[in-house]
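Working through the structure, step by step
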Amino acid sequence: MLTLDERIKRDTEKLEQLKRQKRAQIQREKQKARAVDTRRKIIAGAILLDIFPQFTELQPKKNNAENYIEFAPLVDFLTCLADKKG
């Protein structure tokens, strides 16, 4: 029979193990959601470029600031489309 201290130690270790498993599960779910989101973006981007091939001239840059400038015409175009929809 285990002492009270031994049972507390065992249960504490089990609790920590369950917490690690839960964190790992949450991380796997986040990674899966990111993968689905990335796939969605790739498909939507491919459709956009098929319909508007002129946007294939836009080239990714080294950082977000440069990309913001490079892709500004696309953002403006899509913003106009979104505004006209409503």
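Nothing here was measured: the structure is a model prediction, and the numbers come from that model.

1. Details of the pattern of salt bridges
This structure, assessed with the given rule, holds five salt bridges. Two residues, Arg10 and Asp11, come together in a salt bridge whose shortest N-O distance is 3.2 Å. The exposure class assigned to Arg10 is partly exposed, which follows from its relative accessible area of 43%. Here Glu16 ties to Lys19 by a salt bridge, and the two come within 3.8 Å at their closest N and O atoms. Pair noted here: Glu16 and Lys19 are both in helix 1 (residues 4-51), with a separation of three residues, about one helical turn. Given the relative accessible area of 33%, Glu16 is considered partly exposed. Taken together, the shared-partner salt bridges in this structure form one network comprising Asp37, Arg40 and Lys41.

2. Remarks on the layout of surface pockets
Quantified by volume, the largest pocket comes out at close to 220 Å³. Lining the largest pocket are Lys41, Ile42, Ala44, Gly45, Ala46, Leu48, Leu49, Phe55, Leu58, Phe71, Leu74 and Leu78. Listed by contribution, the elements that provide at least two residues to the lining of the largest pocket are helix 1 and helix 3 (72-85). Looking at side-chain class alone, the lining of the largest pocket contains 10 nonpolar, one polar and one charged residues.

3. As for the packing of aromatic side chains
Across all of its chains, the model carries three aromatic pairs by this definition. Aromatic pair Phe52 and Phe55: ring centres 6.2 Å apart, planes at 65 degrees, arrangement edge-to-face. Their ring planes at 70 degrees and their centres at 4.8 Å tell us that Phe52 and Phe77 sit as a pair that is edge-to-face. Placement of Phe52 in the loop between helix 1 and helix 2 (64-70) and of Phe77 in helix 3 is noted, with a sequence separation of 25 residues between them. Taking the relative accessible area as the measure of exposure, Phe52 reaches 23% and is therefore partly exposed. Since its relative accessible area comes to 26%, Phe77 is described here as partly exposed. What links up through ring pairs into an aromatic cluster is the set Phe52, Phe55 and Phe77.

4. A closer look at the environment of Leu2
Tracing the chain through its elements places Leu2 in the segment before helix 1. Each C-alpha atom of the pair Leu2 and Asp50 lies 69 Å from the other, and the pair is 48 residues apart in sequence. Here Leu2 is in contact with Arg7 and Arg10, once residues within four sequence places are set aside.

Calculation criteria
- Along every chain, residues carry numbers that run from 1 in the direction the sequence is written.
- This being a predicted model, a pLDDT of at least 70 is required before a residue's local features are given, and a value of 80 or more before pairs of side-chain atoms are given or counted; all residues contribute to the totals for chains, interfaces and linings.
- For the side-chain quantities, the full set of heavy atoms in the structure was used; hydrogens and water were omitted.
- Salt bridge criterion: a side-chain nitrogen from Lys or Arg within 4 Å of a carboxyl oxygen from Asp or Glu.
- Partly exposed describes any residue whose relative accessible area lies between the buried limit of under 20% and the exposed limit of over 50%, with all areas from a 1.4 Å probe on protein chains only and scaled to the type maximum.
- What counts as a helix is a DSSP run of H or I of at least four residues, what counts as a strand is a run of E of at least two, and both are numbered from the N terminus.
- Both site types are read off a 1 Å grid over the protein atoms alone. A 1.4 Å probe that fits but cannot get out defines a cavity, while an open set with protein on both sides within 12 Å along at least five of seven lines defines a pocket; lining residues have an atom within 4 Å of a point.
- Grid points are joined across faces, edges and corners, and a volume is the space filled by probe spheres set on the points.
- When residue character is reported, Ala, Val, Leu, Ile, Met, Phe, Trp, Tyr, Cys and Pro are called nonpolar, Asp, Glu, Lys and Arg charged, and the others, Gly included, polar.
- Aromatic contacts are taken between Phe, Tyr and Trp rings whose centres are within 6.5 Å, Trp giving its six-membered ring; a plane angle under 30 degrees counts as stacked, one over 60 as edge-to-face, and the others as tilted.
- Contacts were defined at the residue level, with two residues in contact if any of their heavy atoms lie within 4.5 Å.

Bear in mind that shape data such as this cannot, by itself, settle questions of function.
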